[in-house]
Amino acid sequence: MPTNNLDQLYRSVIMDHYKNPRNKGVLEENNVTIDMNNPTCGDVIHLTLKVEDGIVQDAKFEGEGCSISMASASMMTQIIKNKDVDTAVQYAHIFSDMMLGKEIDDSVDLGDIEALSGVAKFPARIKCATLAWKAMEKGVTEESEQ
Amino acid sequence: MLSKEIRKHFPILDQEINGHPLVYLDSAATSQKPRQVIEALNDYYSYDNANVHRGVHTLGNRATDHYEGAREKVRKFINAKSTQEVIFTRGATTALNMVAQSYGRANVSEGDEIIITHMEHHSNIIPWQQLAKEKGAVLKYIVLEEDGTLSLDKVREAVTDRTKIVSIMYVSNVLGTMNPIKEITEIAHAHGAVMVVDGAQAAPHLKLDVQELNCDFLAFSGHKMCGPTGIGVLYGKKELLNEMEPVEFGGEMIDFVGLHESTWKELPWKFEGGTPIIAGAIGLGAAIDFLEEIGLDQIERHEHELAGYAMEKMSTMDGLTIYGPHDPKKRAGIVTFNLDNVHPHDLATVLDMNGIAVRAGHHCAQPLMKWLECSATARASFYVYNTEEDVDRLVEGLRIAKEYFQ
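Bear in mind the structure is a predicted one, so any value in this text is a computation, not a measurement.

About the criteria used
Residues numbered from 1 in each chain as written. Chains lettered and ligands numbered in written order. Predicted model: local features only at pLDDT ≥ 70, side-chain atom pairs only at ≥ 80, totals over all residues. Helix = DSSP H or I, 4+ residues; strand = E, 2+ residues; numbered from the N terminus. Rg over C-alpha atoms; globule rule 2.2 N^0.38 Å. Domains from an automatic or database assignment. Contact = placed C-beta atoms within 7 Å. Nonpolar A, V, L, I, M, F, W, Y, C, P; charged D, E, K, R; others polar. Expected span 1.5 Å × (residues − 1). Buried ≥ 20, exposed ≤ 12 C-beta atoms within 10 Å, placed from the backbone. Pairing = 2+ DSSP bridges. Axes fitted to C-alpha atoms, helices over the stretch in contact; angles between N-to-C directions. Core = buried A, V, L, I, M, F, W, Y, C linked by C-beta atoms within 7 Å. Parallel < 35°, antiparallel > 145°, perpendicular 65-115°, else oblique. Left-handed = near helix turned anticlockwise from the far one by under 90°.

**Description of the overall build of chain A**
Here's step 1: Secondary structure assignment for chain A yields five helices and three strands.
Here's step 2: Counting from the amino terminus, chain A carries its helices and strands in the arrangement α-α-β-β-β-α-α-α.
Here's step 3: Since a compact globule built from 146 residues should have a radius of gyration of about 15 Å, the 14 Å found for chain A is in line with a globular shape.
Here's step 4: Projected onto its principal axes, the C-alpha positions of chain A cover 50 × 35 × 25 Å.

Next up, the structure:
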């Protein structure tokens, strides 16, 4: 049934993050700023991070996009806070695998992110979900290389 | 309205998508193909395939006859004076790039002006941006009126004696606006500028007459007008094309080749380097036959009526914004809209789950999206095979989406 498929995509936790985004805004005290867009659809994200001693101390995002891309950004900022850079990057890889429909190591606690697994069945929407993660990975990788 | 029988010519429409009969409302991106176009491609490859303009054998002659026959069909379709003025390209994008790279490079100098509008598709922006950068020329944009139309007064203000090229779309792929090309051409010519027309959204939907418009160049794509992908047309006035250098060099386009110098074939072949898009051109010819059997005037009227019906139905919905001219007579069969609190991607996904295909995004017109002050919109575009029932299904889909995201 189509409606069931839709419900798999738009799980209530996703709609909650979309309507009440966590960590929305711009971090004044940031040392990492990333702007990324999805040229095929016009989604944009402005991500600001505070990374100190290899730890993501704080993260905020602003952007424009669909429920999937904005909810994904909200969840991403939530999970990487207070994590070290390697762990944050590891989450980005796990997320990417999830979007490809690969088996995920179930010892990793994905929290709310698990709700986005339904996106894998909607190939046209995968790019919406991965935008924020790509921005974060680029930001923390560049920061740690400096 | 056109007969619903037309639908039966399009095999792809006879299928279910996600458990619902397909409603295809994305023809402005690419149209579906009627059986006679699919068969023309199949027949060409099954019986006539050979390279053109070379060799003495029978298949080569047949392929050449079909390919050049398609050029004559295009000539008649746009009422060009001669087939020498009809160049086959990969699509409208390639055609516009050819004008920029050949005519533009030879005729635009530092401080000259190139004029486009805020509603252009990226394919009619970036070639001119690049040319302006290379030459130190000025790229000027004509601003739009509140309702997404162009004012001839603003065109008159913009065009000066330093203007070398005016390049404007005939029909907007987002707003559906139909621009007064004939009048704009007169203004351009009065200042000695050439008029380039992006006809990608016009050729499928209305009768084109390049002599009546008096434009200098016209670009369009086959795939939006029932033809295959990978074929398009650049029309240019013979006296301009004769002066222009080819942009691609190689086989097929040469007259004599020496060790250090070569000369070019006559028009139109000097612009068709390499083995041309033979099957594509033949498919486009079949598409033109199909459209002319229905009649371009009838097609235009059908789309006006469908767009009018859609706008009437959609305007009763709360929270629904329709962009572009509100008078259906001023627009082609394109309705671009947004539903409050539902992002167009989410909307398009819900519609797709109900079997309805619409476009969501920036429609390759980012400067226009900025003007509309939105990052994305949804777009329903209509063609010969669409019916009032399709519009009803769309409106029903919008209601479902609205409820779902409440």
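Still to come is the rest of the account.
**As for the domain arrangement of chain B**
Residues and elements named next belong to chain B.
Here's step 1: With domains assigned, chain B is organised as domain 1 (38-292) and domain 2 (295-404).
Here's step 2: Inter-centroid distance (C-alpha atoms) of domain 1 to domain 2 is 28 Å.
Here's step 3: Every contact between the two is made by 25 residues of domain 1 and, on the other side, 26 residues of domain 2.
Here's step 4: Partitioned by chemical class, the residues of the side of domain 1 that touches domain 2 number 10 nonpolar, 11 polar and four charged.

**Some words on helix H3 (residues 92-107) of chain B**
Residues and elements named next belong to chain B.
Here's step 1: Taking 1.5 Å of rise per residue, 16 residues should cover 22 Å, and H3 covers 21 Å from first to last C-alpha, within 8% of that figure.
Here's step 2: In terms of residue burial, H3 counts as a mostly covered element, since 12 of its 16 residues are buried.
Here's step 3: Here H3 has its buried residues at Ala92, Thr93, Thr94, Ala95, Leu96, Asn97, Met98, Val99, Ala100, Ser102, Tyr103 and Gly104.

**A word on the interface of chain A and chain B**
Here's step 1: Each partner contributes residues to the interface: chain A has 15 residues there, and chain B has 15 residues.
Here's step 2: Class assignment for the residues of the side of chain A that touches chain B results in eight nonpolar, five polar and two charged.

**Considerations on the sheet that holds strand E2 (residues 43-52) of chain A**
All names here are of chain A.
Here's step 1: Taken in spatial order, the three strands make up an open sheet running E1-E2-E3, and their pairing is antiparallel. Taken across any chain shown, the strands that pair with only one partner, and hence form the sheet edges, are strand E1 (32-38) and strand E3 (55-64). For this sheet, the mean inter-axis angle between neighbouring strands, taken without regard to orientation, is 20°.
Here's step 2: In terms of strand pairing, E1 meets E2 through seven bridges, oriented antiparallel. If you follow Val32 over to E2, its bridge partner there is Leu49.

**Points about the nonpolar core**
Here's step 1: Ala132 and Met136 of chain A together with Val166, Val197 and Phe217 of chain B are the most contacted members of the largest nonpolar core, which totals 170 residues.
Here's step 2: Shared between two domains, this core holds at least three residues of each, these being domain 1 (38-292) and domain 2 (295-404) of chain B.
Here's step 3: Not counting residues within four places of it along the chain, the set of residues in contact with Val197 of chain B comprises Ile168, Tyr170, Ile181, Leu213, Cys215, Phe217 and Leu218 of chain B.

**A few points about the sheet that holds strand E4 (residues 86-89) of chain B**
All names here are of chain B.
Here's step 1: Taken in spatial order, the seven strands of this open sheet run E4-E10-E9-E8-E7-E5-E6, and their pairing is mixed. Edge strands, defined here as strands with exactly one partner in the open sheet, are E4 and strand E6 (138-142). The sheet shows a mean angle of 20° between the axes of neighbouring strands, direction not considered.
Here's step 2: Relative to strand E8 (residues 194-198), strand E7 (residues 163-169) runs parallel, the two sharing five bridges. Looking at E8, one finds that Ile165 is bridged to Val194.

**Focus on the pairing of strand E11 (residues 254-257) of chain B**
Residues and elements named next belong to chain B.
Here's step 1: Summarising the sheet, E11 and strand E12 (residues 262-264) pair through two bridges and their orientation is antiparallel. Its bridge partner lying in E12, Ile254 is registered against Trp264.
Here's step 2: Counted along the chain from E11 to the antiparallel partner E12, the turn is four residues long.

**Some words on the packing of helix H2 (residues 58-78) of chain B against helix H9 (residues 278-294) of chain B**
Residue and element names in this part refer to chain B.
Here's step 1: Orientation of H2 relative to H9, taken along the N-to-C sense of each, is 45°, at an axis distance of 8 Å. Between H2 and H9, the angle is such that the two are oblique. When you trace H2 past H9, the crossing you get is left-handed. For the pair H2 and H9, contact is made by Ala63, His66, Tyr67, Gly69, Ala70, Arg71, Lys73, Val74 and Phe77 and by Ile278, Ala281, Ile282, Leu284, Gly285, Ile288 and Asp289, respectively.
Here's step 2: For the contact of H2 with H9, a count of residues per class yields 10 nonpolar, three polar and three charged.

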